[in-house]
Amino acid sequence: MNLFNKKEQIKGIIESLLFIAEKPISTKILLTILNISESHLKEIIFELMEEYKSRNSGIIIIKIEDSYQMVTNPEYAEWIKIFQKIHTHNKLSEQALETLAIIAYRQPITKAEIEKIRGINSDYAIKSLIEKKLIKIVGKKELPGRPFLYGTTKEFLKLFGISSLNELPGLTDFQKINAA
């Protein structure tokens with residue numbers, strides 16, 4: 001690998017680390033991970049900072065004492081506020097998440113079956129999940145009154161980053177997590 005490619009690879013690694021970090025990453029940690037000289041690290045980070053700045057990127061890298069963090073560009077704060085207002089309306093309540101999990105694992109399922117598992121009325125949660133297009137009516141059960149059967153949608157798969165219901169963690173996986 002030539003020197004240019006190695007430098008670009010280190011830039012990519014630094015970007016990845018800063019992107020996933022919830023807090024600023026210290027120079028010391030970056031040096032430990034990358035195993036390069038401090039002057040080389042600072043040179044690469046400075047180049048990254050300039051690249052973001054020169055293209056007026058929505059993301060910038062800032063220095064906080066002896067650490068670095070990737071943050072949104074303050075120039076776009078107005079747009080971020082608009083998004084946060086919209087996004088807040090799309091959050092799922094604990095009740096809706098619980099209902100969604102039951103539907104995902106037991107589908108197709110009726111409202112009465114959901115309420116039997118939850119022990120409480122699920123009208124609002126079901127209505128909310130339908131409005132958000134995470135569940136839909138997939139049929140009617142062959143029982144008196146022909147109650148609706150609910151199932152998840154493609155939007156559900158997209159939201160959870162899976163391509164099929166087969167990718168849902170098994171219930172035994174949750175038991176292992178709770179036991180730990």
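Fair warning: this is a prediction, and the values are worked out from it, not measured in the lab.

## Side note on the packing of aromatic side chains
Scanning the model with the defined rule gives 1 aromatic pair in all. Centroid distance Phe156 to Phe160: 5.0 Å. Interplanar angle 50°. Geometry classified as tilted. The class of Phe156 is buried, set by a relative accessible area of 3%.

## What to know about the sheet that holds strand S3 (residues 67-72)
Across the sheet, which stays open at both edges, the 3 strands sit in the order S1-S3-S2 with antiparallel pairing between neighbours. Looking along the sheet, the strands with just one partner apiece sit at the ends: strand S1 (25-26) and strand S2 (59-64). Relative to S3, S2 runs antiparallel, the two sharing 6 bridges. Bridge pairing in S3 places Ile60 opposite Val71.

## Here's the deal with the side chain of Lys11
Along the polypeptide, Lys11 turns up in helix H1 (residues 3-20). For Lys11, a relative accessible area of 5% puts it in the buried group. Setting aside anything within four residues of it in sequence, one finds Lys11 in contact with Ile44, Glu47, Leu48 and Glu51.

Calculation notes
Residues numbered from 1 in each chain as written. Predicted model: local features only at pLDDT ≥ 70, side-chain atom pairs only at ≥ 80, totals over all residues. Heavy atoms only, no water. Phe/Tyr/Trp six-rings, centres within 6.5 Å; stacked < 30°, edge-to-face > 60°. Buried < 20%, exposed > 50% of the residue type's maximum accessible area, 1.4 Å probe, protein only. Pairing = 2+ DSSP bridges. Helix = DSSP H or I, 4+ residues; strand = E, 2+ residues; numbered from the N terminus. Contact = heavy atoms within 4.5 Å.

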